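Descriptive analysis of the structure
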Protein chains: 2
Amino acid sequence: MFENETALQQPVASDRALIKDVHELVESYPRVPITVDCVIFGFDNNELKVLLIRSDIEMYHGKWSLLGDFAHDHEELDDAAYRVLRERTGMDDVYLEQVRTFSKPNRHPGGRVLTVAYCSLLNSEHHDLKILDNELHWHVVKTLRSEDVAFDHKEILDTCYAWLQKRMLEHPLGLNLLPEKFSLRELQNLYEAILDIKLDRRNFRKKFFSMDFLIDTGEYEDDVHHRPGKLYRFDFDKYKLNKKRWTGIEF
Amino acid sequence: MFENETALQQPVASDRALIKDVHELVESYPRVPITVDCVIFGFDNNELKVLLIRSDIEMYHGKWSLLGDFAHDHEELDDAAYRVLRERTGMDDVYLEQVRTFSKPNRHPGGRVLTVAYCSLLNSEHHDLKILDNELHWHVVKTLRSEDVAFDHKEILDTCYAWLQKRMLEHPLGLNLLPEKFSLRELQNLYEAILDIKLDRRNFRKKFFSMDFLIDTGEYEDDVHHRPGKLYRFDFDKYKLNKKRWTGIEF
DNA sequence: TCAAAAGTGTTCATTATACACCCATGA
DNA sequence: TCATGGGTGTATAATGAACACTTTTGA
């Protein structure tokens, strides 16, 4: 059906013009401003939250905006996203992953701007937030409306939320949203809230215990008005060594 | 833990300077050339193949290159990817999906160029390929070495291949690599080759039949030297209506 | 009649689901 | 002592894995 592989390993056609000056080539390309936008999720009070700042653009007066910035010259986009995170929240070394690139020509009112969305997850210890410029604070994801945010940031947020929901099923991603020590109830609340489902308490426990990544700290909750639950830590090291690989065809 | 939500819905600080001219703002951003690269997979002779062309850059003389082009002014990247596909292969209306953006500052020798990788899957009817400029042809993915390709295209290809492997388990994506009518043996060969595993024939059949998306065409293979297998079509419409949603926590 | 691959069913092990009771704590 | 949620176990159903024989065709 396909052409024979070896027969086509013919020499390069000699009459085809080769490009000698690659800098000149790149100079000839159109150029586009690039930004990164960080969708920083947190979890508190059994609700998924996202960090937003006030837009400082007049036409978006009063609206909220994702944490973003343009990419510096010769800056890798991953680095740009970490930089934004650091500059805006004072945080370093958190989970961060590229989700997708948004390129609608009219997504920015000032002209064409591409943006690459990154997702990060912060745990809910509020001492993480040291910089509060531009009214940086947490917003409940579920109740946020398109009209509340600038640009196409609602679309970006929705994409990242869907990404998070899917990702949470396959990676211990959600653990980054909890404090280091957590109860099983907190863990279940996290899953129920983000996935927007109800789970059976007993089966949820069995599931997590059978994965065998929870370390019993020997400590207990101390701020509850009922029997305190045990606190666990997640064994990220063990997880890294035992990752699942193949789950089977299912669609 | 978090600040109270309503208490923070304070008015915008009046002394903060608002940006009035968004065009001026965007003008101030650094600009970067953007390309799209299409990783076009095909399947034939029980092997996964990828479409490559000869690089026309002198320093990559003799090496192969993904099908790419810079994004035109005001062109959405998805459109650019479809355009590249059309211009290079004459094909339209095929599966195409954004995979990720590559941004290493030195990935292009001519200066900083970002590229957004798209994955497409063509079925193996060779009459699809009408344009053969730049020695466009299929290469066996498994035996392709880094030294054989230009730029960071091996890295992009590897990323897209990993993406394809994962995606195939959850979506009937691989069906786009087969002719419209196919035997179960062809389907299994596809999965075995791409996932690089061996599957039990009987369980594979049961699995696919139980999903109930295969339509018996009533036709049979006619080019085999043994008992011919039945030919099926995949019911994409039914699939779209019955997509799976939630597969459970598993990591 | 032989070789090669198509087609089919059963058993067993594992995993998921549904469900009910006792326990520890603070108020 | 009561309300609240923590902690546990079992029975059943569904799914996945392992495995062997008969059938059809072309050579």
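Please read these numbers as outputs of a predicted model, since none were measured by experiment.

1. Thoughts on the overall build of chain A
A count of helices and strands for chain A gives six helices and nine strands. At 23 Å, chain A has a C-alpha radius of gyration far larger than the 18 Å of a compact globule built from 251 residues. Reported as C-alpha extents along the three principal axes, the dimensions of chain A are approximately 80 × 55 × 30 Å. Evaluated residue by residue, chain A yields a buried proportion of 50% over its 251 residues. For chain A, contacts bridging at least 24 residues in sequence account for 63% of all contacts bridging at least 6. For chain A, the computed accessible surface area is about 12400 Å², with 47% contributed by carbon and sulfur atoms. Side-chain charges in chain A split into 35 positive and 45 negative, and the spacing between the mean points of these groups amounts to 7 Å.

2. Topic: the packing of aromatic side chains
All names here are of chain A. According to the stated counting rule, one finds 28 aromatic pairs over all chains in the structure shown. Considering the side-chain rings of phenylalanine 204 and phenylalanine 208, the 5.0 Å spacing of their centres and the 45 degrees angle between planes classify their relative orientation as tilted. Taken together, the residues phenylalanine 204 and phenylalanine 208, both in helix α5 (residues 201–211) and four residues apart, mark about one turn of the helix. Each of the two residues, phenylalanine 204 as well as phenylalanine 208, counts as buried. Above the ring of phenylalanine 102, the side-chain terminus of arginine 100 is found at 5.7 Å from the ring centroid.

3. Concerning the interface of chain B and chain A
Accessible area lost on assembly of the parts is the figure often given for the size of an interface. Chain B puts 92 residues into the contact, and the matching count from chain A is 93 residues. Together, the buried faces of chain B and chain A total about 8800 Å²; carbon and sulfur atoms form 61% of this surface. Connecting chain B to chain A are eight salt bridges. Inspection of the chain B/chain A interface yields 25 residue pairs in polar contact (both at pLDDT 80 or more).

4. Thoughts on the domain arrangement of chain A
Residues and elements named next belong to chain A. Each assigned domain of chain A is listed here: domain 1 (27–180) and domain 2 (181–251). With centres defined by C-alpha atoms, the gap from domain 1 to domain 2 works out at 26 Å. Tallying the contact residues gives 19 residues for domain 1 and 16 residues for domain 2. A per-residue breakdown of the area domain 1 buries against domain 2 is headed by Met168, Leu175 and Glu180, which together make up 36% of the total. The interface formed by domain 1 and domain 2 includes one salt bridge.

5. Quick word on the environment of A:Asp37
Residues and elements named next belong to chain A. Position of aspartate 37 among the secondary structure elements: in strand β1 (residues 31–44). Note: C-alpha distance between aspartate 37 and threonine 101 (64 residues apart in sequence) is 9.8 Å. In this structure, aspartate 37 is in contact with Leu66, Leu67, Gly68, Arg107, Thr115, Val116, Ala117, Tyr118, His153 and Ile156, ignoring residues within four places of it in sequence. Polar side-chain contacts of aspartate 37 include one of 2.7 Å to the side chain of threonine 115.

The rules we used
Residues numbered from 1 in each chain as written. Chains lettered and ligands numbered in written order. Predicted model: local features only at pLDDT ≥ 70, side-chain atom pairs only at ≥ 80, totals over all residues. Heavy atoms only, no water. Helix = DSSP H or I, 4+ residues; strand = E, 2+ residues; numbered from the N terminus. Rg over C-alpha atoms; globule rule 2.2 N^0.38 Å. Buried < 20%, exposed > 50% of the residue type's maximum accessible area, 1.4 Å probe, protein only. Contact = heavy atoms within 4.5 Å. Areas by Shrake-Rupley, 256 points an atom, 1.4 Å probe, with all protein chains shown as cover. Lys, Arg positive; Asp, Glu negative; His and termini not counted. Charge placed at Lys NZ, Arg CZ, Asp CG, Glu CD. Phe/Tyr/Trp six-rings, centres within 6.5 Å; stacked < 30°, edge-to-face > 60°. Lys NZ or Arg CZ within 6 Å of the ring centre and 35° of its normal. Buried area = accessible area lost by both parts, 1.4 Å probe. Salt bridge = Lys/Arg side-chain N within 4 Å of Asp/Glu carboxyl O. Polar contact = N/O pair within 3.5 Å; in protein donor to acceptor, adjacent residues only side chain to side chain. Domains from an automatic or database assignment.

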